[in-house]
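Now for the letters of each chain:
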2 protein chains.
Amino acid sequence: MLPGEIKGTRMSNAVSAIERFSRYQFDDSQSVGPVHCPVRDVLDRIGDKWSILMIATLATRPQRFSELHRAIRDISKRMLTQTLRDLERDGLITRHVFPTKPPSVEYRLSPLGQSLLDPMASLVDWADRRYSDIHDARARFDRAPV
Amino acid sequence: MLPGEIKGTRMSNAVSAIERFSRYQFDDSQSVGPVHCPVRDVLDRIGDKWSILMIATLATRPQRFSELHRAIRDISKRMLTQTLRDLERDGLITRHVFPTKPPSVEYRLSPLGQSLLDPMASLVDWADRRYSDIHDARARFDRAPV
DNA sequence: GGGGGCAGGTCTCAAATAAAGACCTCTGTT
DNA sequence: AACAGAGGTCTTTATTTGAGACCTGCCCCC
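My aim in this report is to walk through the structure given alongside it, one point at a time.

1. Observations concerning the sheet that holds strand β3 (residues 63-64) of chain B
All names here are of chain B. Spatially, 3 strands are ordered β3-β5-β4 in an open sheet, and the strand pairing comes out antiparallel. Unpaired on one side and paired on the other, β3 and β4 (93-98) mark the two borders of the sheet. Direction of pairing for β4 relative to strand β5 (residues 104-109): antiparallel, over a ladder of 6 bridges. Counterpart to H96 in the pairing with β5 is E106. Contacts from helix α3 (residues 51-60) reach β3, β4 and β5 within the one sheet, and its direction differs from that of β5 by about 95°. Of the strands in this sheet, β4 and β5 touch helix α5 (residues 77-89), which is tilted by about 115° from β4.

2. Comments concerning the protein's contact with DNA strand D
Lining the immediate surroundings of DNA strand D are 20 residues, of which K49 and M79 of chain A together with R95, V105 and Y107 of chain B lie closest. For DNA strand D, the backbone portion of the atoms within 4 Å of the protein, that is sugar and phosphate, comes to 63%. One of the side-chain N or O atoms of S66 of chain B is found 2.9 Å from a phosphate oxygen in DNA strand D. One of the side-chain nitrogen or oxygen atoms of R95 of chain B is found 2.5 Å away from a phosphate oxygen of DNA strand D. In terms of residue count, the dominant contributor to the surface near DNA strand D is α5 of chain B (4 residues). Grouping the constituent residues of the surface near DNA strand D by class yields 8 nonpolar, 4 polar and 8 charged.

3. What about the interface of chain A and chain B?
Opposite the 79 residues of chain A that make contact, chain B presents 80 residues. Between chain A and chain B, roughly 7000 Å² of surface is buried when both sides are summed, and carbon and sulfur atoms account for 63% of that area. It is R73, R89 and W126 of chain A in chain A that bury the most area against chain B; as a group they hold 11% of the surface buried on that side. Scanning the region where chain A abuts chain B turns up 14 salt bridges. Between D41 of chain A and R138 of chain B there is a salt bridge; the shortest N-O distance is 3.2 Å. Our count for the chain A to chain B interface comes out at 23 residue pairs in polar contact (both at pLDDT 80 or more). Mapped onto the side of chain A that touches chain B, the elements with two or more residues apiece are α1 (16-30), α2 (38-46), α3 (51-60), α4 (65-71), α5 (77-89), α6 (111-115) and α7 (117-142) of chain A. Looking at which element gives the most residues to the side of chain A that touches chain B, the answer is α7 of chain A, with 20 residues. Taken together, the residues that form the side of chain A that touches chain B break down as 40 nonpolar, 15 polar and 24 charged.

4. Considering the relation of the copies chain A and chain B
Copy one and copy two of the chain differ by a rotation about an axis and a translation along that axis. When chain A is fitted to chain B, the residual RMSD is 0.1 Å, and the transformation amounts to a turn of 180° plus an axial shift of 0.0 Å. Here the transformation between the copies is reduced to the relation of a two-fold axis. In terms of C-alpha distance to the rotation axis, chain A has G47 of chain A as its closest residue, with the C-alpha 2.5 Å off the axis. A shared binding surface is used by both copies, with 99% of the interface residues of chain A retained as interface residues in chain B.

5. Brief notes about the side chain of R40 of chain A
Tracing the backbone shows R40 of chain A in helix α2. On the basis of relative accessibility, which here comes to 10%, the residue R40 of chain A falls in the buried class. Excluding its chain neighbours within four sequence positions, the residues that come into contact with R40 of chain A are F21, Q25 and V35 of chain A together with W50, L53 and D74 of chain B.

6. Regarding the protein's contact with DNA strand C
Neighbouring DNA strand C are 19 residues, the closest being K77, R95, V105 and Y107 of chain A together with M79 of chain B. Backbone atoms, meaning sugar plus phosphate, form 70% of the atoms of DNA strand C positioned within 4 Å of the protein. In the model, a phosphate oxygen of DNA strand C is placed 3.2 Å from a nitrogen or oxygen of the R85 of chain A side chain. Broken down by secondary-structure element, the contributors of at least two residues to the surface near DNA strand C are α4, α5 and β5 (104-109) of chain A together with α5 of chain B. Partitioned by chemical class, the residues of the surface near DNA strand C number 7 nonpolar, 4 polar and 8 charged.

7. Brief notes about the sheet that holds strand β3 (residues 63-64) of chain A
Residues and elements named next belong to chain A. The 3 strands lie next to each other as β3-β5-β4, forming an open sheet whose pairing is antiparallel. Two strands bound the open sheet, and with one partner strand each, they are β3 and β4 (93-98). Docked against the sheet, α5 engages β4 and β5, running at close to 115° with respect to β4.

8. Some words on the pattern of salt bridges
Applying the stated criterion across every chain, the model contains 26 salt bridges over all chains. The salt bridge involving D142 of chain A is made with R89 of chain B; its shortest N-O contact spans 2.7 Å. Pair noted here: D142 of chain A is in helix α7 and R89 of chain B is in helix α5, and the two residues belong to different chains. With relative accessibility at 48%, the residue D142 of chain A sits in the partly exposed group. Connected via shared salt-bridge partners are D41, R45, D48 and D90 of chain A together with R138 of chain B.

About the thresholds
- Residues numbered from 1 in each chain as written.
- Chains lettered and ligands numbered in written order.
- Predicted model: local features only at pLDDT ≥ 70, side-chain atom pairs only at ≥ 80, totals over all residues.
- Heavy atoms only, no water.
- Pairing = 2+ DSSP bridges.
- Helix = DSSP H or I, 4+ residues; strand = E, 2+ residues; numbered from the N terminus.
- Contact = heavy atoms within 4.5 Å.
- Axes fitted to C-alpha atoms, helices over the stretch in contact; angles between N-to-C directions.
- Near = heavy atom within 4 Å.
- Polar contact = N/O pair within 3.5 Å; in protein donor to acceptor, adjacent residues only side chain to side chain.
- Nonpolar A, V, L, I, M, F, W, Y, C, P; charged D, E, K, R; others polar.
- Buried area = accessible area lost by both parts, 1.4 Å probe.
- Salt bridge = Lys/Arg side-chain N within 4 Å of Asp/Glu carboxyl O.
- Least-squares fit on C-alpha atoms with pLDDT ≥ 70 in both.
- Buried < 20%, exposed > 50% of the residue type's maximum accessible area, 1.4 Å probe, protein only.

Right, dumping it as structure tokens:
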């Protein structure tokens, strides 16, 4: 079996991005000192517990702090604030304060944030379609012999 | 502005998966009791710190425990073991023990794991291409007035 | 003019997760 | 006998997350 092949079938060529990613890793594994990989830098951020959910929620329309809190029932205010700050810092969402009484704050996706929707959608779609496979695999694993 | 529109431009239709995702969320926000969303169930797992990196590393070829440890220098053995177990449990990778002395253990992507490569690649590609935008946004945010 | 409510947070403290790195087992080798 | 290497586990410590009390204007109601 040659490198670049798995089980005798050639890998999808959309996977070249992943090969580039692995190359960052490889270069890094050859060096000393702290790890530095731009892809990880980005994915570690949006890969936290709430970011993807937040972006998905804001995809349909801009929303206010308390709307978001109602939409994502099980996030604490603390994490809601922090996730919104982090996403704003990364330029994925923007924050707009309206001088109502009391003031209201609206969050919306920036163009950069919108550019994430397509790649995110393909991942969400995968998760949705493969959920039953994964669920079954878990059940099988959990009742396997110790 | 109508629902389904952002800034007057119609959203990409690849985003329909995200709308379905949001609908899970919405249904959930109407109910009481614990949150249940299959998409979150899956994404929370592969969205941890190491899973995507592990799958990317295994995408090029099957690898052994210590090869993986060398490739991903900054993972602890504990998290390496745990991440591999979790991925195996979810059916994304398989584990093969060879009766060499001492025994060696090889991990490889299952077909289910391989099916994740395409969606993952589009995310990795996004991260790679948008890294500079995000980096700039962070710098701008960090020197903004308090 | 005192009390209550609302929006959008912050703060403190406890609980859950992750990391570092010492240790273990089983050969095989010197 | 001592050490080495593979593939882990175990213990201790640090980092993240969560729950929920509190804060700050400002308005309305009586």
